[in-house]
Amino acid sequence: MKTALITGITGQDGAYLARHLINEGYRVIGTKRRSASTNTWRLDELGITERVELATVEMLEFGNILSVLQEFRPDEIYNLAAQSFVGVSFEQPIFTMEANAVAVYRLLEAIRIVDPEIRLYQASTSEMYGGITTESCGETSRFYPKSPYAVSKVAAHMATTNYREAHQLFCCNGILFNHESPLRGAEFVTRKITTNLARLALGDDRPLRLGNIDARRDWGYAEDYCHGMHLMMTRDNPADYVLATGTAISVRDFVIHAAEALDMQLEFDGEGSEETAHDTRTGRCILRIDPEHYRPAEVNTLIGDASKARQELDWAPKISVVELAGMMAHKDYNRLKSGAAIL
Ligand code: GDD
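Structural notes, computed from the coordinates. (Residues numbered from 1 in each chain as written. Predicted model: local features only at pLDDT ≥ 70, side-chain atom pairs only at ≥ 80, totals over all residues. Heavy atoms only, no water.)

## Some words on a nonpolar patch on the surface
Next up, step 1: A contiguous nonpolar patch, built from Met97, Val102 and Val151 and spanning about 190 Å² of accessible area, is present on the exposed surface.
Next up, step 2: By the secondary structure assignment, Met97 is in helix α5 (residues 93-114).
Next up, step 3: Under the relative-accessibility criterion, Met97 is labelled partly exposed at 32%. (Patch = residues over 30% accessible without salt bridge, like charges linked within 9 Å, V, L, I, M, F, W, Y side chains within 5 Å. Areas by Shrake-Rupley, 256 points an atom, 1.4 Å probe, with all protein chains shown as cover. Salt bridge = Lys/Arg side-chain N within 4 Å of Asp/Glu carboxyl O. Helix = DSSP H or I, 4+ residues; strand = E, 2+ residues; numbered from the N terminus. Buried < 20%, exposed > 50% of the residue type's maximum accessible area, 1.4 Å probe, protein only.)

In structure tokens:
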């Protein structure tokens, strides 16, 4: 039986990946930070809480990382733990660098000390391309980070590549474009949209408040992407792969698709921060712009080219963004209708 260690197992990707690896016959160890109450709602929803072993690890402490590797001797590590909010990284750039980049050095050094045969998956991100908006980005595209988050992820990406080349570690960077699901955190835009629209569909009258609705993202379904992470780790040789759908739509269009799934037909009026949207069927205001959600530097468009993953991993996304928006909206509607808390 292989052992996988997933840092950040309580997040969206950690939960889907854990379920996939359990189904593949792995022993799954997940790390979590020390806290008074660990939120395992995603593992609970997937019905796997009892099937994973949780270890308390602070990624800022080298000793913690070393100990968990020595104790469990994993065959594979999936480093999904991060300060993953792009907006927050402008407020907490130093913590973001520590948690997302220096922590990766700790992990890489610990692997060298404990067992250089341990394989590492590093969660890289499309945000690294940030300012490259004119082309669809693949593994060899230039990086142009536009936030402290993106800078930290470029550093981690480079460190991972360097350890592969300098120390011959089996390390893969998975450069994942935005990937969403009903398990997405409620602060990210897609889930913020679906939770708020579901609330409105059930009679609440407070409009959804968003920042830049013209930003365009290449959104895929998180579970598809977590399968792709595992495929990278089963290759004979380590390499970096982009996972993406190859199609981008705007935040505005995501709102429209999610609203349609809840029987709302939106019409937009006004411009810039004065723009609003109302439901043509009821006349109710559904969306307002709130400049508080604008970012100091925005990434306007991201489109990925996953042809390498398609060819070498036989990976392809199975769910379109329209299906995804509908799935998330329906799930949040049903959660709220049944009285469940939105987490
Ligand atoms: N969060 C948020 N809240 N974003 C908003 C809002 C809002 O109210 N209004 C507009 N947006 C815009 C953001 O400005 C951004 O352009 C876009 O919606 C997507 O924002 P997020 O959903 O927060 O995701 P992200 O693209 O910044 O980053 C996510 O995806 C990356 C790529 O996989 C995060 O999960 C990153 O950690 C990840 O690396």
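Next, the rest of the story.
## Here we look at helix α1 (residues 12-23)
Note: α-helices contain 3.6 residues per turn, so residues at a spacing of three or four share the same orientation.
Next up, step 1: In this model, α1 (twelve residues) spans 17 Å end to end at C-alpha, consistent with the 16 Å of a helix rising 1.5 Å per residue.
Next up, step 2: Within α1 the residues assigned to the buried category are Gln12, Asp13, Gly14, Ala15, Tyr16, Leu17, Ala18, His20, Leu21 and Ile22.
Next up, step 3: The positive-phi residue at the C-terminal boundary of α1 is Gly25, with phi of around 90°. (Expected span 1.5 Å × (residues − 1).)

## Focus: unusual backbone geometry
Next up, step 1: Even without a glycine there, the phi angle at Asp263 is positive, about 65°.
Next up, step 2: By the element assignment, Asp263 lies in the loop between α9 (251-261) and β13 (266-269).
Next up, step 3: A positive phi is found at Asp314, a non-glycine position, where the angle reads about 55°.
Next up, step 4: Relative to the assigned elements, Asp314 resides in the loop between α10 (307-313) and α11 (321-337).

## A look at the environment of His230
Next up, step 1: With respect to the helices, strands and loops of the structure, His230 is situated in helix α8 (residues 222-233).
Next up, step 2: By relative accessible area, His230 is classed as buried at 6%.
Next up, step 3: As for His230 and Glu76, which are separated by 154 residues in sequence, their C-alpha atoms are 9.6 Å apart.
Next up, step 4: Residue contacts for His230: discarding those within four places in its chain leaves His20, Leu21, Glu24, Tyr26, Glu76 and Tyr78.
Next up, step 5: Polar contacts involving the side chain of His230 include one to the side chain of His20, which spans 3.3 Å. (Contact = heavy atoms within 4.5 Å. Polar contact = N/O pair within 3.5 Å; in protein donor to acceptor, adjacent residues only side chain to side chain.)

## Comments concerning the side chain of Thr31
Next up, step 1: Along the chain, the position of Thr31 falls in strand β2 (residues 27-32).
Next up, step 2: The residues touching Thr31, leaving out its near neighbours within four places in the chain, are Leu5, Ile6, Thr7, Gly8, Ile9, Ala55 and Val57.

## Examining the packing of aromatic side chains
What describes a pair of aromatic rings is the distance from one ring centre to the other and the angle between the planes of the rings.
Next up, step 1: A full pass over the atoms with the stated rule returns eight aromatic pairs.
Next up, step 2: Centre to centre, the rings of Tyr129 and Phe143 are 5.5 Å apart; their planes meet at 45°, and the pair counts as tilted. A residue pair is termed long-range when its members are at least 10 positions apart, and Tyr129 in the loop between β5 (119-125) and α6 (148-167) and Phe143 in the loop between β5 and α6 qualify at 14 residues.
Next up, step 3: Its relative accessible area of 0% is what places Tyr129 among the buried residues.
Next up, step 4: With 5.2 Å between their ring centres and 80° between their planes, Tyr225 and Trp315 make a pair best called edge-to-face. You can see Tyr225 sitting in helix α8 and its partner Trp315 sitting in the loop between α10 and α11, a full 90 residues away along the chain.
Next up, step 5: Accessibility expressed as a relative area gives 0% for Tyr225, which makes it buried.
Next up, step 6: Owing to a relative accessible area of 3%, Trp315 belongs among the buried residues under this scheme.
Next up, step 7: An aromatic cluster is present here, built from Tyr129, Phe143 and Phe177 joined pairwise through their rings. (Phe/Tyr/Trp six-rings, centres within 6.5 Å; stacked < 30°, edge-to-face > 60°.)

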